[in-house]
Amino acid sequence: MNTDGTHSTGDGRDRRPRVVIVGAGFGGLHAARTLADYPVDVLILNRTNYHGFWPLLYQVATAGLEPESIAYPVRAIVRRHPNVDFRLTEVTGIDFQRRRVLTAGEAIPYDGLILAAGSTTNYFGNQDLEVHTFGMKDMDEAEALRNQALLRFEEAVGTADARRRRALMTFVIVGGGPTGVELAGAFAELFSHVLRRDYPSLDVADARVVVVEAGDTVLATFPPKLRDSAAKRLAKLGVEVRLHTAVDRVDGQQVVFRDGSRLEAGTVIWAAGVKAAELADHLGLPQARAGRVPVTPELHLPDRPEVFVIGDMAYLEGPDGKGYPMVAQVAMQQGVQAAKNLMASWSGTPMKPFSYFDKGNMATIGRRAAVFDAFGVQATGLIAWLGWLFIHLIYLVGFRNRMLVLLNWAYNYFTYDRGVRIISSTRNPHVAQAACAPGEERQSRVG
Ligand SMILES: Cc1cc2nc3c(=O)[nH]c(=O)nc-3n(C[C@H](O)[C@H](O)[C@H](O)COP(=O)(O)OP(=O)(O)OC[C@H]3O[C@@H](n4cnc5c(N)ncnc54)[C@H](O)[C@@H]3O)c2cc1C
């Protein structure tokens, strides 16, 4: 780096340094916005052309929101910043020696690199789980789950055998964390408020939502009072919670638990683990728990001060000795800090260690119910729910998306309806021909 902030290219010309950011998620976008104020060229690489607002993904899966309302085009974000550009591409690896980002096409050179590729579902190497359960990590998975839920009800209508019908209408959610709990509440309400009216010939009492949790509580990261409140709320919605229950295997027709018991289920959702994005496995770097990449307190690789890793992909222990949680606030704050530290190193000033400002935790459990734990305040019920709505609207990117989401929420709230009950594809990525033994024919139900 030259004293005027440019980089020498080797052919006598000077150019502004280029920072490449992999991932247009919470971390990557915050890094890009911070770098927009510096004399550098920024290139964001992402495998989709949108930024996804994952905290509302479960509402896409449960027919409450259109996918478009929680996705925002990256180009619409970067066009506000003349020094930030975007390219749609899948990153396959990094050549750290030659400072190149490897993609299916060209190798893209960088002077500084910020890796923010997020995370993916962790099936712990179990192929059956991968094939026979639904994940909840991206838009395709959420849409596939919505299609699946609606298809299961369509199949149930045409099924005369009561046992099979019940199995088709049984939804097992493995994992009692925020994603599992929010999904469970939303599914229970979808079935009892909406699908009950859509399928008058079905007895919705047959529809079951079962949350399976290996630990001794749902929402383990919340204070005990809020966990209890969430458990009561789930029970009120008719959700069955099975604690101390570990899944042994899933075969597309049933879930088999470690204690030997079985549950026939048409749909199994795996919300019991996340790990760093697959890219982390292709970097040739050491990996910590859940495949995350260990970084220094300043967020860069130990021997490479020009390469930062942030968000879900990065592993850094906080003052409590535990890895920072895989949540949006950590990614956003690390994005800002990594960008500032990269600029500091280029200007010869010391980098600062990452320090996390915890803004709290929240989860919603159906309409007018949530748990909220922030700034020493713990709240449940309506107040927590309103806080949840407000905060999610604020963080959602784009005025149009906020309006769409608000409109959908108001519509759902006042009509008890869900507008997005569309089966957009009957081809499901999963085998999941559950509850129907091979070769068995479905019979039409009369009346
Ligand atoms: C269903 C769900 C609900 C959640 N709810 C909450 C919540 O309520 N509150 C909360 O704080 N957190 C929540 N989280 C977690 C939160 O979304 C993540 O912690 C956060 O998104 C991490 O930010 P990130 O920048 O590391 O990754 P992401 O925001 O996931 O962004 C990663 C980006 O990298 C892209 N990418 C991945 N691999 C490649 C590649 N090889 N090449 C190119 N691009 C690539 C992806 O397409 C994505 O755009 C939730 C997550 C999920 C899945």
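Residues numbered from 1 in each chain as written. Predicted model: local features only at pLDDT ≥ 70, side-chain atom pairs only at ≥ 80, totals over all residues. Heavy atoms only, no water.

Turning to the packing of aromatic side chains, a few remarks are in order. Per the stated rule, a full pass over the model turns up 14 aromatic pairs. For the ring pair F153 and F191, a centre distance of 5.0 Å and an interplane angle of 45° mean the geometry is tilted. Within this pair, whereas F153 is found in helix α5 (residues 139-157), its partner F191 is found in helix α7 (residues 178-198), the two being separated by 38 residues in sequence. The pair formed by F153 and F191 is uniform in burial state, with each residue classed as buried. Seen from their ring centres, F171 and F191 are 5.0 Å apart, and the 45° between their planes marks the pair as tilted. Placement of F171 in strand β13 (residues 170-174) and of F191 in helix α7 is noted, with a sequence separation of 20 residues between them. The buried category is assigned to F171, whose relative accessible area is 0%. (Phe/Tyr/Trp six-rings, centres within 6.5 Å; stacked < 30°, edge-to-face > 60°. Helix = DSSP H or I, 4+ residues; strand = E, 2+ residues; numbered from the N terminus. Buried < 20%, exposed > 50% of the residue type's maximum accessible area, 1.4 Å probe, protein only.)

Here we take up the environment of Q148. Residue position: Q148 is located in helix α5. Relative accessible area serves as the criterion here: at 3%, Q148 is assigned to the buried category. It is 9.3 Å that separates the C-alpha atoms of Q148 and A61, two residues lying 87 residues apart in sequence. A distance of 2.9 Å separates a polar atom in the side chain of Q148 from a polar atom in the side chain of T267. (Polar contact = N/O pair within 3.5 Å; in protein donor to acceptor, adjacent residues only side chain to side chain.)

Taking strand neighbours across the sheet as the criterion, the 3 strands line up as β25-β26-β27 in an open arrangement whose pairing is antiparallel. Lying at the two open borders of the sheet, with one neighbouring strand each, are β25 (361-364) and β27 (377-380). Averaged over all pairs of adjacent strands, the angle between strand axes in this sheet comes to 5°, irrespective of strand direction. In this sheet, β27 lies alongside strand β26 (residues 370-374) in antiparallel orientation, the contact comprising 4 bridges. Paired with A374 across the two strands is V377, which belongs to β27. Here helix α10 (residues 381-395) sits on the sheet and contacts β25, β26 and β27; the angle it forms with β26, its principal contact strand, is near 70°. (Pairing = 2+ DSSP bridges. Axes fitted to C-alpha atoms, helices over the stretch in contact; angles between N-to-C directions. Contact = heavy atoms within 4.5 Å.)

With that out of the way, let us pick up the pairing of strand β16 (residues 247-250). Two faces belong to every sheet, and in a regular strand the side chains alternate between them. Taken together, the 3 bridges between β16 and strand β17 (residues 254-257) define a ladder with antiparallel strand orientation. The partner of V250 across the bridge, within β17, is V255. The turn linking β16 back onto β17 is made up of 3 residues, and G252 within it adopts a positive phi angle of 95°.

Looking now at the nonpolar core. Ranked by size, the top nonpolar core spans 67 residues in total, and within it L56, M136, F153, L183, F187 and F191 carry the most contacts. In this structure, M136 is in contact with L57, Y58, A61, T121, E141, A142, L145, T179, L183 and I269, ignoring residues within four places of it in sequence. Core analysis: the next-biggest nonpolar cluster, separate from the first, contains 57 residues, V20, L29, A116 and W346 among them. (Core = buried A, V, L, I, M, F, W, Y, C linked by side-chain atoms within 4.5 Å.)

Quick look at the sheet that holds β16 now. Taken in spatial order, the 3 strands make up an open sheet running β16-β17-β18, and their pairing is antiparallel. Either end of the sheet is taken by a strand with one partner, and the two such strands are β16 and β18 (262-264). In this sheet, neighbouring strand axes are inclined to one another by 20° on average, regardless of whether the strands run parallel or antiparallel.

This next bit is on the side chain of D417. Within the secondary structure layout, D417 lies in the segment after α11 (399-415). Using a relative accessible area of 16% as the deciding quantity, one classes D417 as buried. The residues touching D417, leaving out its near neighbours within four places in the chain, are V194, R197, Y411 and N412.

Another point: the environment of L226. Mapped onto the secondary structure, L226 falls in helix α8 (residues 224-236). Residues L226 and R100 lie 126 residues apart in sequence; the distance between their C-alpha atoms is 47 Å. Setting aside residues no more than four positions away along its own chain, L226 makes contact with V371, F372, D373, Q378, A379 and T380.

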